[in-house]
Amino acid sequence: MIVAGFILLAIGAADLVRQFVPRRWIGYLAAAVVLLLLGSVSDALLPMIAALVSGALWVWCMPDGRASRAGFWPAVVLALVVVGAVISMGARAQAGLIGEVWQLRSPFGEVTFDLAMLVLGVSAFLLESANLVVRAALDGEHTWRPAEQIAEPARAVEPATVADAASDDAEARQALAEPTAGPIPVGETAPDPRAGFQGGRLIGPLERILVLILTLAAAYPILAAMLAAKGIVRFPEISRDGETGARAEYFLVGSLVSWVIALGAAFLVWWAAHS
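In this report, we go over the structure that sits alongside the text. These numbers were taken from a predicted model, which means no experiment stands behind them. (Residues numbered from 1 in each chain as written. Predicted model: local features only at pLDDT ≥ 70, side-chain atom pairs only at ≥ 80, totals over all residues. Heavy atoms only, no water.)

1. Let's talk about the packing of helix α6 (residues 113-140) against helix α12 (residues 246-274)
- Contact geometry of α6 with α12 gives a least axis separation of 10 Å together with a crossing angle of 160°. Taken together, the axis directions place α6 and α12 in an arrangement best described as roughly antiparallel. Classified by chirality, the crossing of α12 by α6 is right-handed. Within the contact between the two elements, α6 uses Leu-115, Leu-118, Val-119, Val-122, Phe-125, Leu-126, Ala-130, Val-133, Val-134, Ala-137 and Leu-138 and α12 uses Tyr-250, Val-253, Gly-254, Val-257, Ser-258, Ile-261, Ala-262, Ala-265, Leu-268, Val-269, Ala-272 and Ala-273.
- By residue class, the composition of the contact of α6 with α12 is 21 nonpolar, two polar and no charged. (Axes fitted to C-alpha atoms, helices over the stretch in contact; angles between N-to-C directions. Helix = DSSP H or I, 4+ residues; strand = E, 2+ residues; numbered from the N terminus. Parallel < 35°, antiparallel > 145°, perpendicular 65-115°, else oblique. Left-handed = near helix turned anticlockwise from the far one by under 90°. Contact = heavy atoms within 4.5 Å. Nonpolar A, V, L, I, M, F, W, Y, C, P; charged D, E, K, R; others polar.)

2. Concerning the nonpolar core
- Ranked by size, the top nonpolar core spans 49 residues in total, and within it Trp-58, Leu-118, Val-122 and Phe-125 carry the most contacts.
- Mapped onto this core, the elements with two or more residues apiece are α1 (2-20), α2 (24-41), α3 (45-61), α4 (73-88), α6 and α12.
- With residues near it in sequence (within four places) discarded, Phe-125 still touches Leu-8, Ile-11, Gly-12, Trp-58, Leu-78, Ala-130, Val-133 and Ile-261.
- Val-211, Leu-214, Ala-219 and Leu-223 belong to the second-largest nonpolar core, a separate cluster that totals five residues. (Core = buried A, V, L, I, M, F, W, Y, C linked by side-chain atoms within 4.5 Å. Buried < 20%, exposed > 50% of the residue type's maximum accessible area, 1.4 Å probe, protein only.)

3. A short note on the environment of Ala-272
- Inspection of the secondary structure assignment puts Ala-272 in helix α12.
- Accessibility expressed as a relative area gives 6% for Ala-272, which makes it buried.
- The spacing of Ala-272 and Val-83 is 189 residues in sequence and 9.8 Å in space, taken between C-alpha atoms.
- Ignoring sequence-local partners within four residues, the contact set of Ala-272 consists of Met-1, Val-86, Leu-115 and Leu-118.

4. Overview of the environment of Val-134
- Its location among the elements puts Val-134 in helix α6.
- You can call Val-134 buried: its relative accessible area is 12%.
- In the structure, Val-134 is positioned 62 residues away from Phe-72 in sequence and 8.9 Å away in space, judged by C-alpha atoms.
- Setting aside residues no more than four positions away along its own chain, Val-134 makes contact with Arg-208, Gly-254, Val-257, Ser-258 and Ile-261.

5. Remarks on the layout of surface pockets
- Looking at the second largest pocket, its volume works out to about 720 Å³.
- Surrounding the second largest pocket, 30 residues form its lining, Phe-108, Leu-115, Leu-216, Val-269 and Ala-273 being those nearest its centre.
- Of all the elements in the fold, those that place two or more residues in the lining of the second largest pocket are β2 (109-110), α6, α10 (200-216) and α12.
- The element best represented in the lining of the second largest pocket is α12, accounting for eight residues. (1 Å grid on protein atoms, 1.4 Å probe; cavity = no way out; pocket = protein on both sides within 12 Å on 5 of 7 lines; lining within 4 Å. Points joined across faces, edges and corners; volume = space filled by probe spheres on them.)

Structure representation (structure tokens):
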């Protein structure tokens, strides 16, 4: 169990550093030192070293600025490793120095240090690393952009006729020669930078954390209502999709992959707590 928790924690920390820390090497170094200290005081230094190696491999296999060459397979391998570690290794009887003072109770019973690390690792993974998994799934299914967004640039680069080019050149010269009648409206020169805001990087992690909490709390009616509400909110956008189905496919693939990750994480924690 401690191996799975440390691996997920190392990968989640690495992806959070990639997303939010400007100087990544400083963030990587600080995260590695903290994790090594955590492994030392919990008598799990070797599992932590293995987790850091796994985090480095994950950063190499799942880049954040471009599509992964390995596609969706790093996530599959990670899932197999983590599930195997939880099934084959239960909670340890001794957790080193920190285990001697560790006491944590919850409404569901006593929480061991190994289980707490698994919950922490799962939560860290759901914040940013799961976004990379969802993006890899969208890239693998070629649903990253709706079809009309790809077609518009293609229509924009059609060659113009000679007459159109001459007319445009004449109009441009006339516009440069004539003085402006007044100040240019603010709305035309300074468009609102928030117009292109995409909240998926924030909505996705919040949604997965809520799915994890509601599933572990057995609040299934609230969970179903939340998932249904997301579909209702997205329905007007999907209904304008036309014949391509690009938006609907984008929504379905992204949402289902995100929900499967969150539900799988909840099942992993439940299994570890009851094993």
